[in-house]
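Here is how the chains run, residue by residue.
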Amino acid sequence: MTARIIDGNALSARVRGEIAERAAALTARGVQPCLAVILVGGDPASAVYVRNKVAGCEKAGIRSLRFDYPQDASQQEVMARLAELNADPSVHGILVQLPLPAHLDETAVLEAIDIRKDVDGFHAENVGLLSQNREGFVPCTPNGVMKMLETAEVPVQGAEAVVIGRSNIVGKPMAMLLTNAGATVTVCHSKTRDLAFHTRRADIVVAAIGKPRFVTGDMIKPGATVIDVGINRLDSGPDAGKLCGDVDFASAVEVAGAITPVPGGVGPMTITMLLENTVVSAERAARDAGK
Ligand SMILES: Nc1nc(=O)c2c([nH]1)NC[C@@H]1CN(c3ccc(C(=O)N[C@@H](CCC(=O)O)C(=O)O)cc3)C=[N+]21
């Protein structure tokens, strides 16, 4: 038996169609959704992601603004831009591409974004709203994972879920969303003593570690759902240059009941949820303006 593949590209295409319709309806009411993206420095991977985000906007009828700063940009420059974008009513979403160069204060930058435009959901206030299961913005990657579980009809309520990774952008909000949806959640990380003990009990495993092919088939309970959040570029071995996840797909696919591939899994859904959050923000702005 091999696992069912949860196709992130196919699901993205469908959801992006719905997003485009909502964007068109808003534009017809005089409120075209608009996302501003700030990129500091010339990291090639970041440049690719930003290009994909801007292209995704274009296709969905969302206006995008791109601000590129050199590697040595100052904190003040970035903060001044954020103040301007916060004050601009035609801008509904603001995204600062991470990671930022080390000399910039990332927390201060993220906290400077108006929470109503924080489509990444990284502002501490949105994190707090999520932890209380209240309306705000949910970080795109874990939000996309929930959408994949939902459309794949994976039962979450009452399920044993194991999240591997405790980052602010994936692991922690993922654990929060699964908890809010009624799963029994265990968060594992680099200090966990016996990772396989935990993963072998799980009905749902979410791998967000950042280590290529780290989770192997022998760590998975037969029939479990495996969600691979990792994006790693292999730099040696027979697959050098290829993209792979945190899950060893070849062995896991033989044991799991359902699994997401890399590429073509969680990655495209991350961008889809960014577009959705931008449209949601514009819908809220239109409502508040009485349009
Ligand atoms: N403020 C901020 N928000 C983010 O959401 C954010 C960020 N910073 N920094 C970097 C990470 C990474 N990220 C990805 C988005 C899409 C794919 C994606 O579409 N991947 C394709 C493959 C792309 C390729 O070929 O390289 C796939 O998995 O099929 C991957 C990674 C968003 N991030």
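Residues numbered from 1 in each chain as written. Predicted model: local features only at pLDDT ≥ 70, side-chain atom pairs only at ≥ 80, totals over all residues.

1. Thoughts on the overall build of the protein chain
Thought 1: When you go through the protein chain residue by residue, the secondary structure sums to 10 helices and 11 strands.
Thought 2: In terms of overall dimensions, the protein chain is globule-like: its C-alpha atoms have a radius of gyration of 19 Å, near the 19 Å expected for 291 residues.
Thought 3: Counting the 291 residues in the protein chain, one finds 43% classified as buried.
Thought 4: The contacts in the protein chain between residues at least 6 apart in sequence include a share of 68% that link residues at least 24 apart. (Helix = DSSP H or I, 4+ residues; strand = E, 2+ residues; numbered from the N terminus. Rg over C-alpha atoms; globule rule 2.2 N^0.38 Å. Buried ≥ 20, exposed ≤ 12 C-beta atoms within 10 Å, placed from the backbone. Contact = placed C-beta atoms within 7 Å.)

2. What about the sheet that holds strand β4 (residues 93-96)?
Thought 1: Read across the open sheet, the 3 strands follow the order β3-β2-β4; overall the sheet is parallel. Looking at strand neighbours, the two that pair on one side only are β3 (63-69) and β4, the edges of this open sheet. Each strand axis lies, on average, 15 degrees off the axis of its neighbour in the sheet, ignoring direction.
Thought 2: Relative to β3, strand β2 (residues 34-40) runs parallel, the two sharing 7 bridges. Along β3, the bridge assignment pairs V40 with Y69.
Thought 3: Set on the sheet, helix α2 (residues 44-60) makes contact with β2 and β3; between it and β2 the angle comes to about 170 degrees.
Thought 4: Its contacts with the sheet place helix α3 (residues 75-87) against β2, β3 and β4, and it is angled at close to 180 degrees to β2. (Pairing = 2+ DSSP bridges. Axes fitted to C-alpha atoms, helices over the stretch in contact; angles between N-to-C directions.)

3. Considerations on the site of the ligand
Thought 1: Around the ligand sit 18 residues in total, of which L98, P263, G264, G267 and T270 are the nearest.
Thought 2: Of all the secondary structure elements, the ones that give two or more residues to the shell around the ligand are α2, β4 and α10 (266-288).
Thought 3: If you tally residues by element for the shell around the ligand, the top one is α10, at 4 residues.
Thought 4: For the shell around the ligand, a count of residues per class yields 12 nonpolar, 5 polar and 1 charged.
Thought 5: Split by domain, the shell around the ligand shows at least three residues from each of two domains, domain 1 (30-114) and domain 2 (140-267). (Near = placed C-beta within 6 Å. Nonpolar A, V, L, I, M, F, W, Y, C, P; charged D, E, K, R; others polar. Domains from an automatic or database assignment.)

4. Some thoughts on the domain arrangement of the protein chain
Thought 1: When the domains of the protein chain are assigned, the result is domain 1 (30-114) and domain 2 (140-267).
Thought 2: Distance from the C-alpha centre of domain 1 to the C-alpha centre of domain 2: 28 Å.

5. A closer look at unusual backbone geometry
Thought 1: In this structure, P99 follows L98 across a cis peptide bond, with omega equal to 0 degrees.
Thought 2: Structurally, the position occupied by P99 is in the loop between β4 and α4 (106-111).
Thought 3: The residue after V262, namely P263, is reached through a cis peptide bond having omega -5 degrees.
Thought 4: Counting through the fold element by element, P263 comes out in the loop between β11 (258-259) and α10.
Thought 5: Positive phi, normally seen in glycine, also occurs at N133, with a value near 60 degrees.
Thought 6: Topologically, N133 is positioned in the loop between α5 (124-131) and α6 (140-151).
Thought 7: Judged by C-beta crowding, with 11 C-beta atoms within 10 Å, N133 ranks as exposed.
Thought 8: In this structure, E153 is a non-glycine residue whose phi angle is positive, near 55 degrees.
Thought 9: Note on placement: E153 falls in the loop between α6 and β5 (160-164).

6. Some words on the pairing of strand β7 (residues 204-207)
Thought 1: Side chains I204 and V206 project from β7 onto one buried face, and the interleaved V205 and A207 project onto a second face that is buried too.
Thought 2: Two elements, β5 and β7, share 4 bridges in a ladder whose sense is parallel. Paired with V163 across the two strands is V206, which belongs to β7.
Thought 3: Here β7 pairs with strand β8 (residues 225-228) via 4 bridges, running parallel. For A207, the partnering residue across the bridge sits in β8 and is D228.

7. Structural notes on helix α1 (residues 8-28)
Thought 1: Spanning 21 residues, α1 covers 30 Å between terminal C-alpha atoms, matching the ideal 30 Å at 1.5 Å per step.
Thought 2: Buried within α1 we find G8, L11, S12, V15, I19, A23 and L26. Along the axis of α1, the buried positions cluster into a sector of 100 degrees, meaning they face one direction only. Every exposed residue of α1 that faces more than 90 degrees away from the buried side is listed here: A13, R14, G17 and A28.
Thought 3: The inward-facing, buried residues of α1 abut α2, α6 and α10.
Thought 4: Just downstream of α1 lies G30, where phi reads positive at about 90 degrees. (Expected span 1.5 Å × (residues − 1). Arc of directions from axis to C-beta.)

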